[in-house]
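Architecture and fold: a report
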Amino acid sequence: MLLGADRQGNAQDEPLERALVLSGGGARGAYEAGIVGALAARSGIADGTMLPPYEIVCGTSIGALNGWFVATGQYAKLRELWYGISAQNLIRPKSQYSALRDSESGVLNRAVSALSLIDLVRNERGLLQNEPVFEWISRNIDPAAPLLVPLVWGVTNLAQQRPEYFFVRPERGGEELPEKVRTALQVLLGPHTIVREATPDLLHLAIFASAAIPIAFDPVIMPGPDGTPCPYCDGGVASNSPVGIAHAVAKSADVVLLDPPFEAQSDYHDAVEIAFGVYATMQRKILEVEMRNSYFQSIGKRAIERLTPTALARATKENALLTTFMRAVPATDLRYIRPDATLPLGVVGFGDQVGIGKAYRIGWQDVGKRDFKAYDWRTFQL
């Protein structure tokens, strides 16, 4: 299983066959877990077995966390964690904002808390406590767990204002992974793309950073590529559904989306809702661009590959850029699955066990009802 970006080379340069892409979406990631559970059940595999046909998992935010349990073959634990997460009290406002959630706290306390939001832009970097979520990740993700397939996920380096990518790899068969992932992503996403291994000392921080939604959580401080401490946040800032990663390294990709086709929303009640509405708009546009780019690059390359050897040799001789295109651009078949309607819980609804259970079951049932659908830019709706 190799990840060469030059698809004109020998067999060792061949990309992986199929990638699984898991999107970000907070508590709505229960839908992804339901899909994973159904795929594992349909394949008849037990824990500790690779989920066929996927040779790599790509994720962002909650998709990176779910992706860990897919890459390590812990399907029963993934289900167990989702069905028990509501009892963990993970979403805890900082003390100065706690009264905003308590309808019985009294007008004065609520007014004081509301006014304290004004100080957010000067004195606070997030509304929620980081510690409960980070501690939960640390308890449930064991860096010593053996990887069955590679996992790659995105984070955002706020200091450098750029996306970065972390990976973990199987102990055996993954020796060439670092350079191949780096080469593939730099060719497709740019020569300055940062690709790093999530060593055991960084694993928990890097996964939490991918899920640290701006405004909700403080940025996560961890060493940058040169060792200098940097603030990191949600990988969804640059790519909430990391299709570009899968396109760089695999011949085909199955993408799990957590949003239905666009549903208009007009009832914005406060500045925080507006901020998240803007954030969602950005994420949808980035998804559209990534899907369309992957699609058109793929059909363009395949169209050129259909030329006869003589015609291709003549075309590349007349236009050197065509040679660069053929060597650099991958070809990937995209499929996707998404809920028919908005999932019955909010992004930070980790305490909503009823909603989580419903979202999990919707994901499970969707695998049996619809399965993955081939992407077509003319019919795909955000």
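The paragraphs below set out a description of the structure included in this document. (Residues numbered from 1 in each chain as written. Predicted model: local features only at pLDDT ≥ 70, side-chain atom pairs only at ≥ 80, totals over all residues. Heavy atoms only, no water.)

What follows is about the overall build of the protein chain. A tally of regular secondary structure across the protein chain gives 14 helices and 10 strands. Residue pairs at least 24 apart in sequence account for 78% of intrachain contacts in the protein chain once pairs closer than 6 positions are excluded. A total accessible area of about 17700 Å² is found for the protein chain, and carbon and sulfur atoms account for 55% of it. (Helix = DSSP H or I, 4+ residues; strand = E, 2+ residues; numbered from the N terminus. Contact = heavy atoms within 4.5 Å. Areas by Shrake-Rupley, 256 points an atom, 1.4 Å probe, with all protein chains shown as cover.)

Pairing analysis gives four bridges linking strand 6 (residues 220–223) to strand 7 (residues 229–233), with the strands arranged antiparallel. Each residue of the ladder has a partner; that of proline 223, found in strand 7, is proline 229. In this antiparallel pair of consecutive strands, strand 6 and strand 7, the connection spans five residues, and glycine 227 shows a positive phi of 90°. (Pairing = 2+ DSSP bridges.)

A word on the packing of aromatic side chains. In this structure the tally under the stated criterion is 11 aromatic pairs. Aromatic pair tryptophan 82 and phenylalanine 350: ring centres 6.1 Å apart, planes at 20°, arrangement stacked. Note that tryptophan 82 is positioned in helix 3 (residues 75–84) and phenylalanine 350 in the loop between strand 9 (333–337) and helix 14 (353–369), a separation of 268 residues in sequence. Classification of tryptophan 82 by relative accessible area gives buried; the value is 3%. On the basis of relative accessibility, which here comes to 13%, the residue phenylalanine 350 falls in the buried class. Taken together, a centroid distance of 5.0 Å and an interplanar angle of 85° make the contact between tyrosine 336 and phenylalanine 380 edge-to-face. You can see tyrosine 336 sitting in strand 9 and its partner phenylalanine 380 sitting in the segment after strand 10 (373–374), a full 44 residues away along the chain. There is no split in this pair, since tyrosine 336 and phenylalanine 380 are both buried. Put simply, the rings of Tyr295, Phe296, Tyr336, Tyr375, Trp377 and Phe380 pair up and form one aromatic cluster. The ring of tyrosine 83 carries arginine 79 above its face, with NZ or CZ at 4.4 Å from the centroid. (Phe/Tyr/Trp six-rings, centres within 6.5 Å; stacked < 30°, edge-to-face > 60°. Buried < 20%, exposed > 50% of the residue type's maximum accessible area, 1.4 Å probe, protein only. Lys NZ or Arg CZ within 6 Å of the ring centre and 35° of its normal.)

Nonpolar side chains tend toward joint burial in soluble globular proteins. Judged by nonpolar contacts, the single largest core of 69 residues is most densely connected at Trp68, Trp82 and Trp153. Broken down by element, the residue count for this core peaks at eight residues, all from helix 1 (residues 30–43). Ignoring anything within four residues of it in the chain, the contact list for tryptophan 82 reads Gly26, Ala27, Gly29, Ala30, Ala33, Ile62, Asn66, Phe350, Gln353 and Ile356. Judged by nonpolar contacts, the second largest core, of 29 residues, contains Tyr165, Ala248, Ala250 and Tyr336. (Core = buried A, V, L, I, M, F, W, Y, C linked by side-chain atoms within 4.5 Å.)

Let's shift gears to a nonpolar patch on the surface. There is a patch of nonpolar side chains on the surface, built from Tyr268, Ile274 and Val278 and spanning about 280 Å² of accessible area. Mapped onto the secondary structure, isoleucine 274 falls in helix 11 (residues 271–305). (Patch = residues over 30% accessible without salt bridge, like charges linked within 9 Å, V, L, I, M, F, W, Y side chains within 5 Å. Salt bridge = Lys/Arg side-chain N within 4 Å of Asp/Glu carboxyl O.)

Attention now moves to unusual backbone geometry. For residues other than glycine, phi is negative in most cases, and the peptide bonds are mostly trans. A cis amide bond links proline 52 with the next residue in sequence, proline 53, at an omega value of 0°. Here proline 53 shows up in the loop between helix 1 and strand 2 (56–60). The backbone of isoleucine 215 shows a phi angle near 80°, a positive value even though the residue is not glycine. As for its placement among the helices and strands, isoleucine 215 is situated in the loop between helix 8 (203–211) and strand 6. A relative accessible area of 30% means that isoleucine 215 is categorised as partly exposed.

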